[in-house]
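# Understanding the architecture of this molecule
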Amino acid sequence: MAMNRLIWSALLVLFASLPLTAFAEEKDNDPFDGRLFAPELIMANRNAIGLTSEQNKRIGELVVAVQQAVAGRTWEMQSAYFELMEVLEEPMVDEDRAIALAKQAVDSETEIKLEQMRLLIRLRNLLTPEQVAVLQAKRAEMRGG
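All of the points below concern the structure found in this document. (Residues numbered from 1 in each chain as written. Predicted model: local features only at pLDDT ≥ 70, side-chain atom pairs only at ≥ 80, totals over all residues. Heavy atoms only, no water.)

### With respect to the pattern of salt bridges
Two side chains that carry opposite charge are able to pair once their charged atoms sit near each other. The tally for this structure, following the rule as stated, stands at 6 salt bridges. As a salt-bridge pair, Glu76 and Arg73 come within 3.1 Å of each other at their nearest N and O atoms. Here Arg73 and Glu76 lie together in helix 4 (residues 53–89), a separation of 3 residues that amounts to about one turn. According to the relative accessible area criterion, Glu76 is partly exposed, its value standing at 34%. With relative accessibility at 29%, the residue Arg73 sits in the partly exposed group. Residue Glu115 pairs with Arg118 through a salt bridge whose shortest N-O separation is 2.7 Å. A residue pair is termed a helical-turn pair when its members lie 3 or 4 positions apart in one helix, as Glu115 and Arg118 do in helix 5 (residues 95–126) at 3 residues. Judged by its relative accessible area of 21%, Glu115 is partly exposed. Beyond isolated ion pairs, a larger network of salt bridges with shared partners links Lys57, Arg58 and Glu61. (Salt bridge = Lys/Arg side-chain N within 4 Å of Asp/Glu carboxyl O. Helix = DSSP H or I, 4+ residues; strand = E, 2+ residues; numbered from the N terminus. Buried < 20%, exposed > 50% of the residue type's maximum accessible area, 1.4 Å probe, protein only.)

Structure (structure tokens):
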């Protein structure tokens with residue numbers, strides 16, 4: 001029973017960290033101050049920004065590529081977390097093993113976030129300055145400011 005709670009807790013932490021929009025679309029605390037745009041925001045405003053068919057195609061390719069890269073890392077992270085939970089269930093926790101597994105999980109999570117960041121930067125670089133300005137204005141409208 002305790003093991004199941006630990007596993008569910010680990011999964012909640014894991015899945016909370018995975019959305020592609022984590023960096024670009026935080027509602028009240030955008031760490032990049034509107035400089036990066038999630039693919040969903042770009043696509044929702046594709047007509048307003050005059051997205052070209054070439055840009056549209058390239059965005060699709062980038063999103064698929066990052067999803068593939070993240071899927072493998074997510075699997076590694078989940079495996080490390082599950083193994084860590086098992087190690088933490090032992091009467092005497094093997095500290096070195098637990099720390100190694102925690103590092104493995106955190107490293108995988110870091111790689112996932114870097115892939116997400118890479119995607120957001122590449123998306124931004126596909127846009128013209130005019131498209132960026134329109135998206136920034138649209139985001140400000142959505143936030144009421």
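### Examining the side chain of Asn45
Of note, Asn45 is situated in the loop between helix 2 (39–44) and helix 3 (46–49). On the accessibility criterion, Asn45 (10% relative accessible area) is buried. Within the structure, the side chain of Asn45 is placed 2.9 Å from the backbone oxygen of Leu41, a separation counted as a polar contact. Setting aside chain neighbours within four positions, we find Asn45 in contact with Leu135 and Lys138. (Polar contact = N/O pair within 3.5 Å; in protein donor to acceptor, adjacent residues only side chain to side chain. Contact = heavy atoms within 4.5 Å.)

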